[in-house]
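Results of the structural survey
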Amino acid sequence: MTSAKTPITVVIPVKNEQANLAKCLQRLSNFEEVVVLDSDSDDATVSIAIAHGATCLNFKWDGKFPKKRNWYLLNFKPKCDWVLFLDADEFLSESFIVEAETAIKDRDVNGHWLNYTNYFLGRKLRFGVPQRKLALIRFGAGYFERIEEDSWSQLDMEIHEHPILNGKAGEIRATIEHNDDRGIEKFLARHVQYAKWEVARSKRLQAGNENSAHNLTKRQKIKYAMLNNSLFPIFYFLYQWIFKLGFLDGYAGLQYAFHKMWYFNLIGILSRSESR
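Residues numbered from 1 in each chain as written. Predicted model: local features only at pLDDT ≥ 70, side-chain atom pairs only at ≥ 80, totals over all residues. Heavy atoms only, no water.

**Observations concerning helix H7 (residues 232-243)**
Among the residues of H7, those classed as buried are Phe 232, Pro 233, Tyr 236, Phe 237 and Gln 240. Down the axis of H7, the buried set is contained in an arc of 140°. They therefore lie on one face. Along its buried surface, H7 packs onto helix H6 (218-226) and helix H8 (250-274). Remark: Leu 245 follows H7 within two positions and exhibits a positive phi of approximately 65°. (Buried < 20%, exposed > 50% of the residue type's maximum accessible area, 1.4 Å probe, protein only. Helix = DSSP H or I, 4+ residues; strand = E, 2+ residues; numbered from the N terminus. Arc of directions from axis to C-beta. Contact = heavy atoms within 4.5 Å.)

**Side note on the packing of helix H5 (residues 184-206) against H8**
Interaxial distance between H5 and H8 falls to 9 Å at its minimum, and their mutual angle equals 45°. When the interaxial angle is binned, H5 and H8 end up oblique. Here H5 runs over H8; the crossing is right-handed. Contacts between H5 and H8 involve Ile 184, Phe 187, Leu 188, His 191, Val 192, Tyr 194, Ala 195, Lys 196, Glu 198, Val 199 and Lys 203 from the first element and His 259, Trp 262, Tyr 263, Leu 266, Ile 267, Leu 270, Ser 271 and Glu 274 from the second. Class assignment for the residues of the contact of H5 with H8 results in 12 nonpolar, 3 polar and 4 charged. (Axes fitted to C-alpha atoms, helices over the stretch in contact; angles between N-to-C directions. Parallel < 35°, antiparallel > 145°, perpendicular 65-115°, else oblique. Left-handed = near helix turned anticlockwise from the far one by under 90°. Nonpolar A, V, L, I, M, F, W, Y, C, P; charged D, E, K, R; others polar.)

**Points about empty space enclosed by the protein**
Taken as a whole and judged by the stated rule, the model has 2 cavities of 30 Å³ or more. Its volume calculated, the largest cavity comes out at about 70 Å³. In terms of lining, the largest cavity is formed by Trp 61, Lys 64, Phe 65, Pro 66, Lys 67, Asn 70, Glu 145, Ile 147, Glu 149, Glu 158 and Glu 161. Forming the walls of the second largest cavity are Val 199, Ser 202, Lys 203, Gln 206, Leu 227, Asn 228, Ile 267 and Ser 271. For the lining of the second largest cavity, the element with the most residues is H5, which contributes 4 residues. (1 Å grid on protein atoms, 1.4 Å probe; cavity = no way out; pocket = protein on both sides within 12 Å on 5 of 7 lines; lining within 4 Å. Points joined across faces, edges and corners; volume = space filled by probe spheres on them.)

**Concerning the pairing of strand S6 (residues 109-120)**
The element S6 is extensively covered by neighbouring structure, given that 10 of its 12 residues are classed as buried. Here S6 runs beside strand S11 (residues 168-178); their pairing, made up of 8 bridges, is parallel. The residue bridging Asn 118 from the neighbouring strand is His 178, located in S11. Summarising the sheet, S6 and strand S8 (residues 131-138) pair through 6 bridges and their orientation is antiparallel. Counted as the bridge partner of Tyr 116 is Gln 131 from S8. In this sheet, strand S7 (residues 123-124) lies alongside S6 in antiparallel orientation, the contact comprising 2 bridges. (Pairing = 2+ DSSP bridges.)

**Focus on the side chain of Glu 145**
Relative to the helices and strands, Glu 145 resides in the loop between strand S9 (142-144) and strand S10 (163-165). Exposure remark for Glu 145: the relative accessible area of 2% places this residue in the buried category. A distance of 2.8 Å separates polar atoms of two side chains, one belonging to Glu 145 and the other to Arg 201. (Polar contact = N/O pair within 3.5 Å; in protein donor to acceptor, adjacent residues only side chain to side chain.)

**Observations regarding the pattern of salt bridges**
Summed over all chains, the structure comprises 18 salt bridges. Linking Lys 60 and Asp 40 is a salt bridge whose minimum nitrogen-to-oxygen distance equals 2.7 Å. In this pair, Lys 60 sits in the loop between strand S3 (55-58) and helix H3 (68-75) while Asp 40 sits in the loop between strand S2 (31-38) and helix H2 (45-51), placing the two residues 20 residues apart along the sequence. Here Glu 148 makes a salt bridge to Arg 146, at a shortest N to O gap of 2.5 Å. Under the relative-accessibility criterion, Glu 148 is labelled partly exposed at 38%. Looking at Arg 146, the relative accessible area reads 47%, which means it is partly exposed. Through salt bridges with shared partners, a single ionic network connects Glu 17, Asp 180, Arg 182 and Arg 190. (Salt bridge = Lys/Arg side-chain N within 4 Å of Asp/Glu carboxyl O.)

**What to know about the layout of surface pockets**
Roughly 200 Å³ of volume is contained in the second largest pocket. Along its surface, the second largest pocket is lined by 15 residues, and Tyr 116, Thr 117, Leu 125, Pro 130 and Gln 131 are the ones closest to its centre. Elements with a minimum of two residues in the lining of the second largest pocket: S6 and S11. For the lining of the second largest pocket, the leading source of residues is S6, giving 4 residues. Here the residues of the lining of the second largest pocket sort into 6 nonpolar, 7 polar and 2 charged.

**Some thoughts on the packing of aromatic side chains**
Summed over all chains, the structure comprises 15 aromatic pairs. Where Phe 120 meets Phe 187, the ring centres are 5.2 Å apart and the plane angle is 65°; that geometry is what we call edge-to-face. With Phe 120 in strand S6 and Phe 187 in helix H5, this pair connects stretches of sequence that are 67 residues apart. Across the pair, exposure class does not vary: Phe 120 and Phe 187 are buried alike. Each member of the aromatic cluster is reached from another via a ring pair, and the members are Phe 59, Trp 71, Tyr 72 and Phe 76. The ring of Phe 91 has Lys 23 sitting right over it, with the charged end atom 4.4 Å from the ring centre. (Phe/Tyr/Trp six-rings, centres within 6.5 Å; stacked < 30°, edge-to-face > 60°. Lys NZ or Arg CZ within 6 Å of the ring centre and 35° of its normal.)

Structure follows, in structure tokens:
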């Protein structure tokens, strides 16, 4: 790693993340600025952030726009020209940092797609549908989708909202480790909330009440076109498990594919129940 500070502001939205935050922050000691966006955590999250030298900001959501990431982009000026949005259960490698330092020097690019290595049930998943996010953005060149929601869920942070970038996007190929070790109960609880949110947004898109609909990514368009298809969960399982070789990840790969099928099936059940 280079001796000079990495000129990127890392922003980590959190709530009760004491299990993951210390490990995440330990990988960020060479970054010029680290900001932790907290939501009234009642565990040791804030004290861990302060102990690692991070700037702590507290966010109180009123159930409407903006959520946590846009709130930061709209109300604060980072020290660096580039902002990396990182979750507390995402851990950087030296190879990622080196590649990012080179990538941000490209004046023709205003954002970068990031790639992730997922872990499930304690095992690294080598196969399956890859996770990608546009999470490294030149400050002022993009914001997350503006969705006029009204307390659809308890999610005060942009989860499935996609950044709308003004300009070209590149890609960093070195992966980020995504490894939440808080257990399957937390995983299921989060995905229940995700499902409720997806149902509400899907209904807005179907009704033509979504201003950002024309900015949907290809993956988003496929997802929202298929969510209400009762066969989609089964199709996704087969795609993840067979076509994308998830079976080569053994038991963890099987369970991950099964829980993704459960998740998409839950969205369908909730959507159909609200339509009655």
